[in-house]
Amino acid sequence: MPLVLSAGTYFGHSGQLSVEGFAHTGPSARFDDLITEGRLLERGYGLGMVDLRGFGGSTGCTEAIGGNTDRTDVRAALDWAAAQPFSTGSVGMYGKSMDGITALVGNNLDHPALKAVIAQEPIWDIQRNMRSGGVPRSTTVSVPGIYNQLATQPQMPDDDPRYLGNAAWDSPAGPHPECTILNTASYMDPNPTSETWRIRNLAEHAKGTDTPLFVTQGFLEWNTDAEGMQEFLANHQGPQRAWLGQWDHKRGGERTADGRLELGREGWFDEVFSFYDQYLKGVAPTTAYPNVLVEDSTGAWRAETSWPRADRTGSVPVKGGSYTDDGATSSYVQRSEPVARPTRLTSIPRVSLTTRGTGNVMVRLHDLAPDGKAVMINQQVSLLQPGETTLALRSTDWTLPAGHALAVEIGTVQPGAPMINDWLPTVSNQRVTVLGGRLDLALDDPSRDTPQPGTPAPWTELHRLTQTSTPAAGAPTFRLP
């Protein structure tokens, strides 16, 4: 049978993120939804869950995710899966978050046995998830902390003796207590161009790969945000499928407590196994699924041949102003003229600023309604560079309704909070003067959309609730292209 393989850190027999108090040992329940809802076994597939080194029943020291050790481990797992007597030799990878990252690692190996990859909410470039323009995120501390805890987590006492011996390899009382120290150190490199991060730029290493790829990405993600996705998809040369929309760190088919689909669309597992059937079994699809399904900020779903789609690009001027880099709320805002018809912002907005002063900068884009209320739709931070500083914001797909304007806020890095922002800047307390700059945008006309079934992702409600503000009134200073 074809095998679906997932390689990661969450498959320990005592629990995914902590000891869960099971009565006895057994396989991880992390992807039980593939079996229960997806009917994986009934469809003729096997499921393999692989502990990366240092986790569960594997020995070895873990290190920063997405590097050479992950590549070596994923390659070994693919070799093993393809060689089993119960395997047809055709392997698919599946994962979300960490095991979505290893699925991308698998894609980049171009392994002959790997026939299809499904990666939900991965990180596309590890360095950008840890630091933004030189400003560290809390992930530089929290991520190694989480994985050190998982790597040393005690396993079930009734487990296989070999499994238990391997699990204790890097525990504080085991033969290699230095592993957690080395893992933490591997995240501390501040140089974005160093070898540490170069090998972990998965988007860059996707160049020329052609394994069929199916991904999901929430544009409103905080955990594994939409940075590097566009580059990965552009560099990948094989068949592509994607669900993109206004959700956070959720998997396909997942539901809220009251039963709503977190991604707002039915049919996740049917599409997953149609994809696997096509590329692992050679069975032609009976349903013509669009290459890309996108839910934009209005909650409407549409089909695309590829993403992003834009009918025009252009630059608008950024006016000068000033703020104090105090890590509080110092900023200034400028706005566009209201748009005459619905206008979609898509792709990667980029802001270039010429400044005087030392410190940090945060740029936020807001959807400004006629009543003066504004919803933050994108943000990025950076250390200021001498002369000009350029910030690539996160990938976006947000429609400004007719009569709304785009507001651009420039200022200090505002206090962080999980699911909003979590940067850890060292403030200069200096006055920063912005002499001017430009905002580069890709725009699209929603009237060209091909509608698809789907409902708004529930996360959008919370985003609008928590990210609405009332900027000071002012005259428009630019017009959107």
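This text goes with the structure placed above it.
Residues numbered from 1 in each chain as written. Predicted model: local features only at pLDDT ≥ 70, side-chain atom pairs only at ≥ 80, totals over all residues. Heavy atoms only, no water.

So, the overall build of the protein chain
Argument step 1. For the protein chain, the helix and strand inventory stands at twelve helices and 22 strands.
Argument step 2. Relative to the 2.2 N^0.38 estimate, which gives 23 Å for 481 residues, the radius of gyration of the protein chain is 23 Å and therefore close to what a compact globule would have.
Argument step 3. The principal-axis extent of the C-alpha atoms belonging to the protein chain is close to 70 × 55 × 45 Å.
Argument step 4. The proportion of buried residues among the 481 residues of the protein chain is 56%.
Argument step 5. Look at the contacts in the protein chain between residues 6 or more apart in sequence, and 79% of them connect residues 24 or more apart.
Argument step 6. Just so you have it, the protein chain exposes about 18,600 Å², and 55% of that area is on carbon and sulfur atoms.
Argument step 7. Of the charged side chains in the protein chain, 39 are positive and 53 negative; the average position of the first set lies 6 Å away from that of the second. (Helix = DSSP H or I, 4+ residues; strand = E, 2+ residues; numbered from the N terminus. Rg over C-alpha atoms; globule rule 2.2 N^0.38 Å. Buried < 20%, exposed > 50% of the residue type's maximum accessible area, 1.4 Å probe, protein only. Contact = heavy atoms within 4.5 Å. Areas by Shrake-Rupley, 256 points an atom, 1.4 Å probe, with all protein chains shown as cover. Lys, Arg positive; Asp, Glu negative; His and termini not counted. Charge placed at Lys NZ, Arg CZ, Asp CG, Glu CD.)

Description of the state of the cysteines
Covalent bonding between the sulfur atoms of two cysteines defines a disulfide.
Argument step 1. One pass over the full model with this rule turns up one disulfide.
Argument step 2. Across the disulfide, Cys61 is cross-linked to Cys179 (sulfur-sulfur distance 1.8 Å). The sign of the -70 degrees torsion about the S-S bond sets the Cys61-Cys179 disulfide as left-handed. Here Cys61 is found in the loop between strand 2 (46–51) and helix 2 (68–83), whereas its partner Cys179 is found in helix 7 (residues 179–185), with 118 residues between them in sequence. (Disulfide = S-S within 2.5 Å.)

Structural notes on the environment of Thr25
Argument step 1. Here Thr25 is to be found in the loop between strand 1 (3–8) and helix 1 (32–36).
Argument step 2. Between the C-alpha atom of Thr25 and that of Leu109, which follows or precedes it by 84 residues, the distance is 33 Å.
Argument step 3. For Thr25, the residues in contact, after removing those within four places along its chain, are His13, Met156, Asp158 and Asp159.
Argument step 4. A distance of 2.8 Å separates a polar atom in the side chain of Thr25 from a polar atom in the side chain of Asp159. (Polar contact = N/O pair within 3.5 Å; in protein donor to acceptor, adjacent residues only side chain to side chain.)

Here's the deal with the sheet that holds strand 22 (residues 468–469)
Argument step 1. Spatial ordering of the open sheet is given by 13-19-15-16-22, a layout of five strands whose pairing is antiparallel. Every interior strand has two partners, whereas the edge strands, strand 13 (331–335) and strand 22, have only one.
Argument step 2. Here strand 15 (residues 360–368) runs beside strand 16 (residues 374–383); their pairing, made up of nine bridges, is antiparallel. By the bridge assignment, His366 is partnered in strand 16 with Met376. (Pairing = 2+ DSSP bridges.)

Thoughts on the sheet that holds strand 1
Consider a sheet: its strands pair through backbone hydrogen bonds, and that pairing is either parallel or antiparallel.
Argument step 1. Sheet architecture is open: nine strands sit in the order 2-1-3-4-7-8-9-10-21, paired in mixed fashion. This sheet does not close on itself; its edge strands, each paired only once, are strand 2 and strand 21 (450–452). Averaged over all pairs of adjacent strands, the angle between strand axes in this sheet comes to 20 degrees, irrespective of strand direction. (Axes fitted to C-alpha atoms, helices over the stretch in contact; angles between N-to-C directions.)

Notes on the packing of aromatic side chains
Argument step 1. Evaluation of the coordinates by the stated rule reveals 17 aromatic pairs.
Argument step 2. Ring plane angle 65 degrees and centroid distance 5.4 Å describe the contact between Trp124 and Phe232, whose orientation is recorded as edge-to-face. In this pair, Trp124 is assigned in the loop between strand 4 (114–120) and helix 4 (126–130) and Phe232 in helix 10 (residues 229–235), connecting sequence segments 108 residues apart. Residues Trp124 and Phe232 agree in their burial class; the two are buried.
Argument step 3. Centroid distance Phe214 to Trp268: 5.1 Å. Interplanar angle 45 degrees. Geometry classified as tilted. Of this pair, Phe214 sits in strand 7 (residues 213–218) while Trp268 sits in helix 11 (residues 268–281), and the two are 54 residues apart along the sequence.
Argument step 4. The exposure class assigned to Phe214 is buried, which follows from its relative accessible area of 0%.
Argument step 5. Each member of the aromatic cluster is reached from another via a ring pair, and the members are Tyr45, Phe214, Trp243, Trp247, Trp268, Phe273, Phe275, Tyr276, Tyr279 and Trp301.
Argument step 6. Sitting over the face of the ring of Trp243, Arg265 holds its NZ or CZ atom 5.7 Å from the ring centroid.
Argument step 7. Geometry around Trp301 places Arg265 over its ring, the cationic atom sitting 5.9 Å from the centre. (Phe/Tyr/Trp six-rings, centres within 6.5 Å; stacked < 30°, edge-to-face > 60°. Lys NZ or Arg CZ within 6 Å of the ring centre and 35° of its normal.)

Function cannot be read off these values alone, since they describe shape.
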